[in-house]
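Summary of structural features
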Amino acid sequence: MSTEQPSEGQPGVAGVIIEGLYKSFGDNEVLKGIDITVNPGEVVCLIGASGSGKSTLLRCVNRLEDPNAGRIVVGDFEATDPDVNLDAMRRQIGMVFQQFNLFPHLSALENCTITPRRVLKRSREEAEAEALHQLELVGLKHLAERRSAQLSGGQQQRVAIARALTMKPKLMLFDEPTSALDPETVGDVLAIMRDLAQAGMTMIVVTHEMGFAREVADRVVFMDQGVVVEEGAAEQVIGAPSQPRTQDFLRRVLNPLGE
Amino acid sequence: MALSNRERRRLSLGIQAGIFVAAAAVLVLLIDWAALRQSFLNIEPVLPMFPGIITTGLVNTLQYTAVGFIFGLLGGTLLALMRLSSFPVYRWIATAYIELFRGIPAILVFLALGFGVSLAFGWNLSTLQVAGSALAIVGSAYIAETLRAGLQAVPKGQVEAARALGMPAWRAMVSIQIPQAFRIVLPPLTNEAILLTKDSSLIFVVGMAGSAAELTKMGRDGINMYQAGLTPLVIAGFCYLLITIPLSLLARRMEGRVGSRASRKKAKKGSTSSPVTGGVA
């Protein structure tokens, strides 16, 4: 249903369809009927205040959270089908977390090889060659032997991206990937994400980086209190928002001290 | 003359040390050294205990403890996983086991295995089997709780990252959660190994052949054999230290290796060996 757009994206990237998605934590309804379609090769940025449900939505896509109702399709996988092979689906979805979540007992290289070796049963040589290639692409091949405690935040996040890419995903999810970084390291991570987008990867990015959204996103979705308030081209949603709630949010983000 | 803070602190520490030394000196003067040596450190008559106390006693203590600890670790890991299971029956079984064997004196477990098993099944267990399994049963109950705490101390994001990469739950447990939990609980596990070392002496309640005797048994027998008071037990006590102190040192080294000291050294090596490439364009 989703690989029929050869003009965009590298071969084999996946699209995402989200229909009527609801999610509650106890009495707290976080997602209240979300409909979003992401075409293969498209980059969609989710923006909105904290608590608006962006991260929960992202975590529903690879089923780290179980939605209460609705349907999600990722490439060939019916993500919300109770019988779906979750592990097989997740192998095609790379995820990058705000807190990096590198495995601290393993080196950067081993972080990138453990899943290919243990789950995909790749040989050590094959897995290490691929991992070193990915680490080189994020500029960290020379630090392959280091553990996460010996890497800066920005370096850890770049390793985390390389780790996700060694699985050859068809979709990448980014959950506020630069929110925990020192300001001077944000640029390196965003540059890698931009390159990945230009290479044709399908990406859903939860972010507060409006500059990145404007430059890289094909589409921007503004969420507030569990619903999609406004979506469209980045220029339109960020540059000329039509909804009062979007206008209010952007005013506060772009000019935190007010007038 | 006014004293600076630093001088005042040094003076205070000096007085504390002085009081301590004075108290120790008084104690030393009060002690009847001759009598004490007669009953506790009368080395000459007990020299025939060597080398047997090492080649038999120490070796047997080590064996019983090692078997007990290894199986205790395996059983404890299993019990910890059962306690964290989503299947309630596993949780109940593990909780009942842990509460029972943590709560009763270890000596009862030795008695049950030494006498109960042969009565119930007609099996004749060797001393190594009785001591090893008794220590494993008791040890696994303690180790399970230690490990459970360690598993729960691993940040949730670790398992999420592993699952998001496509690892099945058991693989995330084996490759990500358990290795990190063991690093966290290394100090309390060392403690557990030391406690088991000393608990191996409880095998005396079952009795054993001379060739199977461990340190405490040999020390107790020595009291009757030589006219040297309690000296044989003191010798056995020192032999325990020969096991437990190297164990502590080994654990401290392992902690260091996974901790920051060793990693910083490694980092230095990493950065000097290949200062190439670097940041992204």
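Values in this document were obtained by computation on a predicted structure and should not be read as measured data.

1. What to know about the overall build of chain A
Within chain A one finds nine helices and 10 strands. For chain A, the C-alpha radius of gyration of 18 Å lies close to 18 Å, the compact-globule estimate for 259 residues. Once the C-alpha set of chain A is aligned to its principal axes, its extents read approximately 55 × 45 × 40 Å. Within the span of chain A, comprising 259 residues, buried residues form 55% of the whole. Taking as baseline every contact in chain A between residues at least 6 positions apart, the subset at least 24 positions apart corresponds to 65%. Total accessible area on chain A is roughly 10900 Å²; 45% of this is exposed by carbon and sulfur atoms. Taken as two groups, the 26 positive and 36 negative side-chain charges of chain A have centres that lie 6 Å from each other.

2. Examining helix α8 (residues 156-164) of chain B
Among the residues making up α8(B), those that are buried are Gly157(B), Gln158(B), Glu160(B), Ala161(B), Ala162(B) and Ala164(B). Elements that come into contact with the buried residues of α8(B) comprise α1 (54-61), α2 (86-90), β6 (93-96) and α5 (153-165) of chain A together with α9 (169-184) of chain B.

3. Some details on the packing of aromatic side chains
Taken as a whole and assessed by the stated rule, the structure comprises four aromatic pairs over all chains. With centroids separated by 5.2 Å and ring planes inclined at 35°, the aromatic side chains of Phe222(A) and Phe249(A) adopt a geometry described as tilted. Here Phe249(A) lies in helix α9 (residues 244-254) and Phe222(A) lies in strand β9 (residues 219-224), a separation of 27 residues in the sequence. Seen from their ring centres, Tyr97(B) and Phe101(B) are 4.7 Å apart, and the 50° between their planes marks the pair as tilted. Of this pair, Tyr97(B) and Phe101(B) both sit in helix α5 (residues 88-103), separated by four residues, roughly a single helical turn. A relative accessible area of 22% means that Tyr97(B) is categorised as partly exposed. The ring centre of Phe103(A) lies 4.5 Å from the NZ or CZ of Arg163(A), which sits over that ring. Directly above the aromatic system of Phe204(B) lies the positively charged group of Arg220(B), at a separation of 4.6 Å from the ring centroid.

4. A word on α1(A)
The element α1(A) is extensively covered by neighbouring structure, given that seven of its eight residues are classed as buried. For α1(A), the full list of buried residues reads Lys54(A), Thr56(A), Leu57(A), Leu58(A), Arg59(A), Cys60(A) and Val61(A).

5. Quick notes on the pattern of salt bridges
Counted according to the given criterion, the structure contains 23 salt bridges over all chains. Arg71(A) is paired through a salt bridge with Glu19(A); the nearest N and O atoms lie 3.3 Å apart. Highlighted residues: Arg71(A) in strand β4 (residues 69-74) and Glu19(A) in strand β1 (residues 16-25), separated in sequence by 52 residues. On the basis of relative accessibility, which here comes to 36%, the residue Glu19(A) falls in the partly exposed class. The salt bridge involving Arg71(A) is made with Glu78(A); its shortest N-O contact spans 2.7 Å. Each member of the salt-bridge network shares a partner with another, and the members are Arg59(A), Glu65(A), Lys156(B) and Glu160(B).

6. Quick word on the confidence of the model for chain A
Detailed reading of predicted coordinates is not advised where the pLDDT is low. On average, chain A scores 93 in pLDDT, and the residues at 70 or more come to 95%. In the predicted structure, residues 1-9 of chain A sits below a pLDDT of 50 and forms 13 contacts with residues beyond four places in sequence or in another chain.

Cut-offs and rules
Along each chain, the written sequence defines residue order, and numbers are assigned to residues from 1. By the order in which they are written, chains take letters starting at A while ligands take numbers starting at 1. Restriction of local features to residues with pLDDT of at least 70 applies here, the model being predicted, together with a cutoff of 80 or more for giving and counting side-chain atom pairs; totals for whole chains, interfaces and linings are based on all residues. Values reported for side chains reflect all heavy atoms of the structure, with hydrogen atoms and water molecules removed beforehand. Helix and strand assignments come from DSSP, with helices taken as H or I runs of at least 4 residues and strands as E runs of at least 2, each series counted from the N terminus. Computation of the radius of gyration draws on C-alpha atoms alone. For the globule rule, the value is 2.2 Å times the number of residues to the power 0.38. Exposure is judged per residue with a 1.4 Å probe applied to protein chains only, and the accessible area is read against the type maximum: over 50% gives exposed, under 20% gives buried, and values in between give partly exposed. In what follows, residue pairs with any heavy atoms lying within 4.5 Å of each other are defined as contacts. Here the Shrake-Rupley method, with its probe set to 1.4 Å, supplies the accessible areas, and only the displayed protein chains count as covering residues. Two residue types count as positive, namely Lys and Arg, and two as negative, namely Asp and Glu; His and chain ends fall outside the count. For the purpose of locating charges, the reference atoms are NZ of Lys, CZ of Arg, CG of Asp and CD of Glu. Paired rings are identified among Phe, Tyr and Trp, the last through its six-membered ring, by centres lying within 6.5 Å, and are further divided according to the angle between planes into stacked (under 30 degrees), edge-to-face (over 60) and tilted (the rest). Only when the NZ of Lys or the CZ of Arg is both within 6 Å of the ring centre and within 35 degrees of the ring normal is a charge said to sit over the ring. Salt bridges are defined as contacts in which a side-chain nitrogen from Lys or Arg sits within 4 Å of a carboxyl oxygen from Asp or Glu. Each residue carries a pLDDT value, the predictor's own confidence for that position, ranging from 0 to 100.

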